[in-house]
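# Survey of secondary and tertiary structure
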Amino acid sequence: LVGRETEYSKMAVHRAKLRSWEDISTETMRSVVPPSPTRVEEAEDKESSSLQINLQSVDGVYRPDVGDSSAQMQYQLRVSLYDIMYHTFFGRTWVGPAKAAKVDKAKQKYKLQYQQAIYFHTSLKDPNIVAVIEVVGVLEPSPGTDSPRRHVSCGWSLLRLFKKSQKLKDTSEGTPEVRKLDVYHGSPRALMMMDDAIETNENIQLVRGCQVAFSLCTHQALEKVLHLIPENVLVGGSDVIPGIQEQRGKNKENVDNLIKPKLLKTLQSHLDNISIAPEPSLAKFEEDLCKKANDDRLERDNIGPSDGSTVNVMERRLQIGIHNGWSYVNKPQVVILAPEAETQGRARSGSFGKGHRRTPSFGSKSSLGNSNSLVARSQVQLSDLAQDASFAIVFQVEYTLSVPFALSGTKLSGSMSRAQTITVPVLWVSWCPFTAPGRPDVSVKMRGGSAPNPDNVMMFCHKSGEEQQNAGALKFTFRRDDEPPRSLDAQDQLASQMLQIPGQHYAPSVHSETSDGSFMQERPAALSGRPPLPSSARGSPRTEHRLPAYSTPLPGSLPPPLSYPTISLPYPLQPHTTPPLMLGETAMETSDVQPDTARTEEIAELTELPYTPVHAPIMLSARGMQSGQGLSRAAYARLYTAGFPPIVDRHGQSPEVVDPSDHVTVNLKQEEADPLRSNEIIFQFLAFSRILQGRPSSSTTSQPSTVFFTFQFYRFPPMVTERLLLGTADKQLTSDPSSMPCILYRINKDGTVEQAPPGCQTKYHMDPAFLKPGEARLFVQYLSVQTLHIDVWDGDSLLLIGSCAMELKHLCRQGREAVQVTHELDVITTEYSEDSPTLTGDLTRGGSVRPVGVSTILKGRLHLRMANVGHLQDRSRGDTTVAVPKPPSRVVLPASAHMGSAVNGGQTTIKQKTAKRLAETDNELALVLTARKDPNLTQLASLDTGGELDSVRKRKLARMQAVRQTQGVEKDLNTVNTVLLQKEEKAQRNRDLRTVELYREQTKHDGITSMLSQVITTHYTVFPSLGTAEFFEFILKNPYNVEHTITVDCDAPQLSIVTDTREWRQFKQAHELNTPLEESMFGTTSTSGLPAIFLRPRESVYVPFKYQSLQADHTVQPQGPSDTMAPTLTTQMTSSFRPSIPHSRNIKVYFRAEDHRPVSILTVNVIPQPHVVDQTFRFYHPEQSFLKKAIRLPPYHQLQGAVVTAGGFTSVSASCSDPNVICETRKVKAGEPQDVFLKVACGPSPSIKKFFVIIFTDPYQSKPCQIWQFYLHALQRVDISCVEGQTSRFSLILRGTHASRLVRVYPSHPTEIQVSPDTPFMLAANTVHEVNVGVRPLSVGNKFLYINVVDTEYHQLIRTWLVCMQTKQPVISKAFDLQLPVGGGKGCNKRIPYTNPYMHRKTFVLHTNRLDLLQFKENTFELGSGEVYTIGMRFAPSQQQGTTEILIFINDEDDKNEETFCIKATYS
C-alpha cells in the first residue's frame, strides 16, 4: 500500500514538475478579473458555450520605429475579453509566444505565421461581448548589453464573438471558414473612451494593409473539461491545465491538449474525524469574533459605545472542495461543525431523532462547555480528486453570526427583537495529498487574514496588521476507497463507543402478585415529574416490538424479548461513520436563519437521502405466509355437501384435485400439444371468513354482512360480481380458530336469499378459433407466470375490505382432462403512516433505504375454487365465424410486386373486380337519376344516400313489374299508350346519358388519380396491444433510372422508423429475420426534418418500422356491485364473446422523391387488441392535490427479460398511458432495489382517475414486462387534530341530489369513528343534511379514515369524505410495570385505585387502546367528591413472548380525557 502511494506521488510530482498548487493558484488569483456584477446576474442559470479562436497569421504586420535598427523584433499576439456596454476588460488575457515575421517578397510586406488555437467558455452570450486581439512587438536587446526586453504596441483589432446573424460551425464538422480583421493603430485601452460604434469611430486609424487571419467556431469537445477551466479564462492549446492529460509531441509549441482533451484518472476517497482547533482557544476565538463584529456594527450604524445588544454565533460550517489551482473542480461540500462537548453529549443521550432541539444560547460560552475544538458530524466523500500534484483539497471555515438591527426609539422586548444573519469566513487552508507524506492522519495549520485565498473573499483577521496568520490547526483522516480495511486503534474504538446509545433504564418497580385481585403499584417517577417513557423519535409509533393490534397473538409474530425501553436507530452503528441524518438534521434546525445568497446555494448541494414512501405490494401477507393455502379433509367434505354447483369435465367426471401447496413446473410444449385446445376457466366464490379480533365493545357494523368482488382475468373486461350474502358461520371450512367462514348466498333485490345453489360462479371459454395467431401460447404463459388479484368490497358500505392474490399456474392441465384447486386466500389491506421518520436499510448504500410506516392488516379469508376444463376446438361454426388472420410476415412487399393485389398481415391475396354501372358506384348520380322518375325519393335520399336508396328503388321496380304481369290481358287494348310511353322513356334515357357523361367528365381526374394511387399503395395490418412494439420491414424500391433521395412522411407519431442500428438488430433477432441490415442508412432533410434515404437507380432497401402506442381506455365503471337481478346463476363468457377492442385506424406512409411526388404509399391498418393487467392498485387521495408514490419492483432475477448493462446497471424503464401522469425510474446498480416513481394530479371529488403504467426491462422498450392498472379516487378532505383516547367531534354537510334517496352513512373504522345518524334516513332532493362525526383515535400519528354515503336501495355511492386524522400523544400521569406469563390460561386480573379530584360528583368512562389484551370490569363508574374507585382489569393470555404498552384512558361524560395510565406489559 505504501508502495502504491509512493508511485502515485512520483507520477503526480513528475507531471507538475516545478509548478505546485501554490504557484498556479497565486498566479490565477491575481490575473483573473471578474465581469461586471450586472453581467453575472444576467448570466445566472444560462448554459456556458465553448469556443475556439484559431489565430493563423497577420498580413502586413506593422514595424514601429524603435530607433535601434540592429535590434531584433519579434511579434506576439495577446487576446482579451471586453464588455462594450460596461467598458470593462474581464477574464484573463492570453499571451502567445513571440515569433519572428518573414518578408513576403510578392507583396513587399512582413507576414507573421502564428497558428495558435485559443479556447474558452462563457455564458455571457451578448453582442457587446467582444475579443480584443493586440499585436505586440517584442524588442530583444542588442548582444552584450544589459538593457531589458521592450514591448511595443503594433496595433489591435476587434472580434465580434456573438453576432445575431452568425451561425458558427463546430470543430468536429470540418475546416472552418477563414476570416480577416482590420488592425488599428494605438493601444486597445482606447476602447475605454469609445461607445458602441467602434469600427466607424473617426478617432481610430487603420493600419494599411495589415489584417489578422483567424477562424471562429464552437468546440463541443471542451464541454467534458469545463469544470477544470474557469469561465471567461482564455487558454492555449499548449497550456498545462491540472486534471487534463498532456499530449506528447516533438514540438511543444504545436501540441494541442484541448483539441481532444482527455481527463486524468480520479481517485475515490473520503475524509473522516475532522476537527478544528482555533488559536488561542475556541472560546477566546469566538468571543473575539463576536466582539469585533459588534464593534463594526456600532461604528457602521453610528451608535454609541453600546446599545445592549450582542452578536451571537448561529452556525459553524466547514466548506470542503477540490481545487486544481484554477478553480474548484466541483461545487464545494458544506458540513456542519459543532463543539466537541456538544457532540459527545448528544451521543451519550441518544437524541439523534427529529425531536432534538438546539440549546437557545447556541453561541454562548455555556454551550461550548470545555470544548477546545470543533468537529464535523459526518464523513465527506471526495470523488473528483485527480492524480495530479496541482490538485489540492481546500478547507474554509465560516461562521454565521446573528447581528441585531439598529433600532431608533424605544427598545423592543426580547420576544420582539429582530436580527439579521451574516456569514464571515474566518480560516482556510489547502492540502495536497500527493505531495504530503502518505500517512492517513493529517494535521495542518490554518490561515487567516487578508492574504489571497481561492474563494477571493476577505478573511477574519484575528491579529491586526498581519496579512497572513496561523490561526488554528486542522486534523483529519484521509483514506482512499481502494485501501484495505485497517484495524481499529484506541481512538477509533473510543469513537465507536461514543456512538452507542445505551438504554435509559427504569427505576426498580414493585411487581404485582400473580394471584387474582392484587393491586398494581405505581413506578417511581423521574426527576422531571413525568414517567420515564422511551426516548424514541417524536411522532413515531410508541411500541415497535408489540403484539399485533386487535388480533390474537400467534407463534412467530413477535421478535425475541428486548430490554425495555428499545431505541430504534435509523442507521447502523459503524466505526468511522456518522449517520447522514445528522447533516440533514442540523440543516433543518437552522432553516429559520437567513444566510446570504452564496451560502444558501452551497447548502442546497447536500447529498439527497433516498427516502421515498414505498407502496407495499398487496400480494404480501402480514405474517409472511403464502397467498393461498389448501383446505383440510373436513373442509372439502363440507364444501361437497353445501350444495355448490359441481364442476365436471366433458365426460361428466369430477376434475382432478390439485393441492395449491404443491410445486408446479409448467411444460409449455406439453401444454401446446394437448389435443383439448379449448380451455374453460371456472371461478367459484364459495365463502368469506371473518377474523375474530377480540373487540367486545365494537359494534356489529364492523363486520360486513354482504360482499362483492372485482377482478380482471386475462384480456377480458373487469368483472364486478353481484352482492353476496354472508350466511351463518361454519367452522368446518377452516382449521384456524380465529377465522369464522361464512358461505356466500345470492340475494334478491329485496334482500331475501335466492332459492339457488350457494356461491357465485364465473366462466371464461378460451377457444383458439377465436384468438389471435400465437395467442394460445401467450395464454398458457399467462397462466404459468401470472397472479390474479381480487378486490373484496363491502356490499353495504361500498368500502374496500382488502385484496388477495393467487397464482394461476395450477390451472395448467399438463395433458389432463380437467383440474381444480381450492384456495383459502388471505384478504389483506394496506395502511400508510406518512409521518413516520424512521428509515430502515443501510444509509451508506444508495437506494437501500425504505420507510417504516407501511403496514398490512389481515381482514379476512376468501374461499375460492377454480378449475380448467379441457374441450375440443369448436369447428362447427365454419364460415359464420370471424376469419382468423394468418401469422403475419414481418417483411412487406411493395404493391408493384403484385399488381392488383393487397397485403394483409404480409399475405398476398388476388383481388378480382367486376365492372359496375356508374350509377351503382356514385350515390350522387344515382340520386339524380332516381329523382327524375320519382320526385318523392328526394327527401328519402337526403336521409340516406347509400345502399338503402338502392334497395328502395329495387323494391319499387319489382312492384311495378308485378303489376304489369297481372295486367297483361289489357296490353292489346293499350297499344297506342305503349308507343307513347316508349318514346317518353327513350327521351328520358337520352337525358340520363347526357347526365352520366357530365358526371364522368367531372370525376375522371379524381378517378384516374385514385387508381394510380392504388397501384403504388400497399396495405399491411398489425394487431398491437398496449405498450407492445409491432415491428415490420417494408421493401422500398427506386423505380427510376436515376438516383433519388426519398423522404419518408408519416401522419401518426405512433408509427416511426427504426433509425438506431442496435435497436434494428434486436428486432431482427427477436423475429428471426435474415434480411440485410445497413449502418447509417437514414439521413435528415434540411428543410422538413423528415428521414431521408438515398437510393441508386432501381435499388431496393428494407425500411424498418415499428408501431407502438400507449393509448388506452380510461373510462371508469361506477363504484358498486353489478345488477343483483341477474337471470342466470353463472356469468358465462362463451366462445362467441370477443373482448372489447378499441377502434381501428389507418395510417398512411408516403415515400416521396425530391419533386414531392409519391414513389410508394404504405397503408398500415391498426387493429388494437386488449392487453393483460398484471396488477391493480387503488389509492384514495385528497382532491385537487398531487399523489406521489414510489412502488418497489421485485428483484431483477424475478423480472422476465431483465437486462444488465455494461456498467452493472439494470435497464428498467416505465411509461404511462396518461401523458399528464409523471412516471419515471432511476438507474441503479445491479442488486439494488428499483423503484417506480409516480406523480398524479387529483381532480375534484368524487372523480376517479384510471391509467396504466407499463414496465419495460429491455433498453428499447419493445415488449412490456408488466402492466399495472391504477385507480385514483379523489375525495373531499377533512383535517382534524385529535388526542389519543379522546373524542373529537365535527360536522359534515351532505347535499341532496336531484332525486330523493334513502341513504346511510358508513365509516371505515367503526372502532375509532362514530357517525350520527347511523341508521338509514331519507335524503330529500336538493336539500342539505348535517352528519355529526365523533373520532376517538387509538394510536399516535397520521391516519386516513373514510366516510361513505350509500344509497341503500340501489347500492350506489353518493358521497365520500377523506378524514385526515392527526393524533397527538396524551399526557401520561402514571406508569406501571406488569409481568404476565406466556402459555395461555385464564388470563390475569389486576386492580388500580382512582380518586375523584373534583369537589362535586362526576361520571367517568374507561377506554383502552388494546381491546384485544385488556377488558374492564365496568366501563363506566360514578364517584363523589374525594371518593376512591378500584378499576378492575382482566388481561388476556398470550402465546408469545414480547413487550407492549397498554394505555388506559379515563374520560369524563363528554369523553374528554382526564388522565391516562401507561402499563408496560411483558409476556415472559
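Here we summarise the structure given alongside this text. (Residues numbered from 1 in each chain as written. Predicted model: local features only at pLDDT ≥ 70, side-chain atom pairs only at ≥ 80, totals over all residues. Heavy atoms only, no water.)

Within the chain one finds 18 helices and 72 strands. Sorting the 1468 residues of the chain into buried and exposed places 46% on the buried side. At a minimum sequence separation of 6, the contacts of the chain that also span at least 24 residues come to 75%. Entry remark: accessible area of the chain is about 74,900 Å², with carbon and sulfur atoms responsible for 51%. (Helix = DSSP H or I, 4+ residues; strand = E, 2+ residues; numbered from the N terminus. Buried < 20%, exposed > 50% of the residue type's maximum accessible area, 1.4 Å probe, protein only. Contact = heavy atoms within 4.5 Å. Areas by Shrake-Rupley, 256 points an atom, 1.4 Å probe, with all protein chains shown as cover.)

All right, on to the packing of aromatic side chains then. The full count for this structure, using the stated rule, is 37 aromatic pairs. Seen from their ring centres, F1177 and F1179 are 6.4 Å apart, and the 5° between their planes marks the pair as stacked. Each of the two residues, F1177 as well as F1179, counts as buried. Relative to W1268, the ring of F1177 has its centre 5.4 Å away and its plane inclined at 65°; by these criteria the two rings are edge-to-face. With F1177 in strand β49 (residues 1175-1182) and W1268 in strand β57 (residues 1264-1283), this pair connects stretches of sequence that are 91 residues apart. (Phe/Tyr/Trp six-rings, centres within 6.5 Å; stacked < 30°, edge-to-face > 60°.)

Hydrogen bonding along the main chain pairs the strands of a sheet, whether they run parallel or antiparallel. What the 4 strands build is an open sheet, ordered β36-β40-β45-β42; its pairing is mixed. One side of each edge strand has no neighbouring strand; the edge strands of this open sheet are β36 (891-892) and β42 (1055-1057). Here 3 bridges tie β42 to strand β45 (residues 1100-1107), and the two strands are oriented antiparallel to one another. Bridge pairing in β45 links L1055 to Y1107. Where helix α18 (residues 1061-1071) meets the sheet, its contacts fall on β40 (1030-1037) and β45, and the angle it forms with β40 comes to roughly 105°. (Pairing = 2+ DSSP bridges. Axes fitted to C-alpha atoms, helices over the stretch in contact; angles between N-to-C directions.)

Across all of its chains, the model carries 40 salt bridges by this definition. A salt bridge links D1455 to R1336, with the shortest nitrogen-to-oxygen separation between them at 3.2 Å. With D1455 in the loop between β71 (1442-1451) and β72 (1457-1467) and R1336 in the loop between β62 (1328-1335) and β63 (1341-1351), the pair connects residues that are 119 residues apart, well separated along the chain. The class for R1336 is buried, based on a relative accessible area of 16%. The salt bridge partner of D1412 is R1410, with a shortest N-O separation of 3.1 Å. Look at the salt bridges and you will find they share partners, linking R39, E42, D83 and D126 into a network. (Salt bridge = Lys/Arg side-chain N within 4 Å of Asp/Glu carboxyl O.)

Turning our attention to unusual backbone geometry. In this chain, E279 is followed by P280 through a cis amide linkage whose omega measures 0°. Position of P280 relative to the elements: it lies in the loop between β11 (266-278) and α4 (282-300). In this structure, the amide linkage connecting S1316 to the following residue, P1317, adopts the cis form with an omega of 5°. With respect to the element layout, P1317 can be found in the loop between β60 (1313-1316) and β61 (1321-1323). Located in the positive-phi region is Q1184, a residue other than glycine, with phi close to 55°. Positionally, Q1184 belongs in the loop between β49 and β50 (1186-1192).

Attention now moves to the environment of V33. Along the chain, V33 turns up in the loop between α2 (21-31) and α3 (37-42). Take V33: its relative accessible area is 42%, and that puts it in the partly exposed class. Expressed as a C-alpha distance, the spacing of V33 and R92, which sit 59 residues apart in the sequence, is 6.5 Å. Excluding residues that lie within four positions of it along the chain, V33 makes contacts with F89, F90 and G91.

Pairing within the open sheet is mixed, and its 5 strands lie in the order β65-β72-β71-β67-β69. In this open sheet, the two strands that pair with only one neighbour each are β65 (1374-1380) and β69 (1420-1423). The sheet shows a mean angle of 25° between the axes of neighbouring strands, taken without regard to direction. Across 4 bridges, the pairing between strand β67 (residues 1402-1408) and β69 is antiparallel. When the sheet's bridge partners are listed, K1402 is paired in β69 with L1423.

Another aspect to go through is the nonpolar core. Counting residues in hydrophobic clusters, the biggest one holds 67 residues, and the most contacted among them are L271, I320, F395 and Y399. Per-element accounting of this core gives the leading share, 8 residues, to strand β16 (residues 392-404). If you look at the next biggest cluster of nonpolar residues, it comprises 40 residues, including V658, L724, M806 and L825. (Core = buried A, V, L, I, M, F, W, Y, C linked by side-chain atoms within 4.5 Å.)

Moving on: the environment of Q115. Topologically, Q115 is positioned in strand β5 (residues 109-122). Separated by 98 residues in sequence, Q115 and A213 place their C-alpha atoms 9.7 Å apart.

Our focus in this paragraph is α18. Among the residues making up α18, those that are buried are T1061, E1063, W1064, F1067 and K1068. Buried residues along α18 cover an arc of 160° about the axis, so they all sit on one side. Residues of α18 that are exposed and point more than 90 degrees away from the buried face comprise R1062, Q1069 and A1070. Those residues of α18 that are buried are in contact with β40 and β45. With a side-chain oxygen lying 3.1 Å from the backbone nitrogen of R1062, the N-terminal cap of α18 falls on D1060. Phi turns positive, to about 55°, at E1072, one or two residues after α18. (Arc of directions from axis to C-beta. Polar contact = N/O pair within 3.5 Å; in protein donor to acceptor, adjacent residues only side chain to side chain.)

Time to look at the pairing of strand β30 (residues 787-794). Of all 8 residues making up β30, 7 are buried, and the element is well covered by its neighbours. Looking at chain direction, strand β25 (residues 706-711) and β30 are connected through 5 bridges and run antiparallel. Paired with F709 across the strands is V792, a residue of β30. Two elements, β30 and strand β31 (residues 800-807), share 7 bridges in a ladder whose sense is antiparallel.

Taken together, the buried positions of α2 are occupied by W21, I24, S25 and T28. On an axial view of α2, the arc spanned by its buried residues comes to 90°, and they lie on one face.

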